[in-house]
Amino acid sequence: MTKKAFLSELRAALSALPEQERDERLRFYAEMIDDRMEDGMTEEEAVAAVGNTNEIAQRIHTEAAVQAPQQGVRVWLILLLVLGSPLWLSLYAALWAVIISLWAVFVSFAAVSLSGYVAAPAFGVHGNFPMAAASLGAGLFMTGCTIFLFFGCLAASKGVCRLTKKIFAGIRRSDGKERLQ
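Residues numbered from 1 in each chain as written. Predicted model: local features only at pLDDT ≥ 70, side-chain atom pairs only at ≥ 80, totals over all residues. Heavy atoms only, no water.

Trainee: Where do I start with helix α3 (residues 43–50) in this structure?
Mentor: Residue pairs spaced three or four apart in an α-helix point in one direction, given the helix's 3.6 residues per turn. Of the residues making up α3, those classed as buried are A46, V47 and V50. In a view along the axis of α3, the buried residues occupy a sector of 95 degrees, so they form one face of it. Downstream of α3 by a residue or two, G51 has a phi angle that is positive, lying close to 125 degrees. (Buried < 20%, exposed > 50% of the residue type's maximum accessible area, 1.4 Å probe, protein only. Helix = DSSP H or I, 4+ residues; strand = E, 2+ residues; numbered from the N terminus. Arc of directions from axis to C-beta.)

In structure tokens, the structure reads:
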């Protein structure tokens, strides 16, 4: 059997499938035959090695039947996500608000530590040495807190960015163009 006859038979056997999926399967088997011919097989040998069109069509129809319920589940999932979007989007916005608040606290701590370093010499010049020592100590303490808070804010920001990336990757994967094979 020639490649053209094989693909014609397979097209007829897969007539119940959607056109896009049928064309995709036909391209796959045409490429498989071409690859075998490139490896040195004759056209008839390559077609025979691919298999019987009825068996291939039956296997494809079985796979399509297994994938069909997933389409229904995907519709329900999309419906639930759309209806739940006020809740999910609010939670997502709140998560970003927490991250922004953490960075605001970091900036506040840095400003307080800086003001401690500025206030210490000012108190010292006016002769209030106990206040100068307290301001310097407070500045050092706040510097330590600022350093720890910086690493916490950085880790939280990276975590939310990773979460965002996973969400968008999941949306991209669920658009129906990628299939499990």
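Trainee: Mind showing me how you'd approach a negative patch on the surface here?
Mentor: A grouping of E31, D35, E38 and D39 is seen on the molecular surface, where their side chains present a negatively charged patch. For D35, the location among the structural elements is in helix α2 (residues 19–38). (Patch = residues over 30% accessible without salt bridge, like charges linked within 9 Å, V, L, I, M, F, W, Y side chains within 5 Å. Areas by Shrake-Rupley, 256 points an atom, 1.4 Å probe, with all protein chains shown as cover. Salt bridge = Lys/Arg side-chain N within 4 Å of Asp/Glu carboxyl O. Lys, Arg positive; Asp, Glu negative; His and termini not counted. Charge placed at Lys NZ, Arg CZ, Asp CG, Glu CD.)

Trainee: Please explain the side chain of S157 as it appears in this structure.
Mentor: Tracing the chain through its elements places S157 in helix α6 (residues 129–173). For S157, a relative accessible area of 14% translates into the label buried. Apart from residues no more than four positions distant in its own chain, S157 is found in contact with I99 and W103. (Contact = heavy atoms within 4.5 Å.)

Trainee: Even after reading the chapter, I still don't get the nonpolar core, so can you show me in this structure?
Mentor: A general feature of soluble globular proteins is that nonpolar side chains tend to end up buried together. Of all hydrophobic cores here, the largest spans 16 residues; its most connected members are F6, L10, Y29 and I56. Taken together, the elements giving at least two residues each to this core come down to α1 (3–13), α2, α3 and α4 (53–83). Once residues within four sequence positions are removed from consideration, I56 is found in contact with F6, L10, Y29, V50 and G51. (Core = buried A, V, L, I, M, F, W, Y, C linked by side-chain atoms within 4.5 Å.)

Trainee: For this particular structure, what's the right way to read the environment of A48?
Mentor: Counting through the fold element by element, A48 comes out in helix α3. On the basis of relative accessible area, A48 is assigned to the exposed category, the value being 60%. Taking C-alpha positions, A48 is 9.7 Å from K3, a pair spaced 45 residues apart along the chain.

Trainee: Whenever I open this one, α1 confuses me. Can you help?
Mentor: Among the residues making up α1, those that are buried are K3, F6, L7 and L10. End-on, the buried residues of α1 take up no more than an arc of 95 degrees, which puts them together on one face. Exposed residues pointing more than 90 degrees away from the buried face of α1 are listed as K4 and A12.

Trainee: What is the right way to look at the pattern of salt bridges in this model?
Mentor: If charged atoms from side chains of opposite charge come close, those side chains can pair. Under the counting rule described, the total for this entry stands at 3 salt bridges. In this structure, D23 engages R11 in a salt bridge whose closest nitrogen and oxygen atoms are separated by 3.4 Å. Of this pair, D23 sits in helix α2 while R11 sits in helix α1, and the two are 12 residues apart along the sequence. Residue classification places R11 among the partly exposed positions, given a relative accessible area of 40%.

Trainee: Can you walk me through the side chain of R25 in this structure?
Mentor: The topology assignment puts R25 in helix α2. In this structure R25 touches L14, I60 and E63, once residues within four positions along its chain are discounted.

Trainee: How should the packing of aromatic side chains be read in this particular structure?
Mentor: How two aromatic rings sit relative to each other is set out by the distance from centre to centre and by the angle between their planes. With the rule as written, the count across this model stands at 5 aromatic pairs. Here W103 and F150 contribute two aromatic rings whose centre-to-centre distance is 5.9 Å and whose plane-to-plane angle is 75 degrees, an arrangement assigned as edge-to-face. A residue pair is termed long-range when its members are at least 10 positions apart, and W103 in helix α5 (residues 85–125) and F150 in helix α6 qualify at 47 residues. Given a relative accessible area of 30%, F150 falls into the partly exposed group. Clustering of aromatic rings is evident, with ring pairs tying together W103, F106, F150 and F151. (Phe/Tyr/Trp six-rings, centres within 6.5 Å; stacked < 30°, edge-to-face > 60°.)

Trainee: Looking at this structure, I do not really get the environment of D23. What am I missing?
Mentor: By relative accessible area, which is 21% here, D23 ends up partly exposed. A sequence separation of 29 residues divides D23 from N52, and the C-alpha atoms of the two residues are 18 Å apart.

Trainee: Looking at this model, I keep getting lost on the state of the cysteines. Mind explaining?
Mentor: Here a disulfide denotes a covalent bond joining the sulfur atom of one cysteine to the sulfur atom of another. In the structure shown here, the tally under the stated rule is 0 disulfides. The cysteine C153 is free of any disulfide, with C145 supplying the nearest cysteine sulfur at 12 Å. Sulfur of C161: no disulfide; nearest cysteine sulfur belongs to C153 and is 13 Å away. (Disulfide = S-S within 2.5 Å.)

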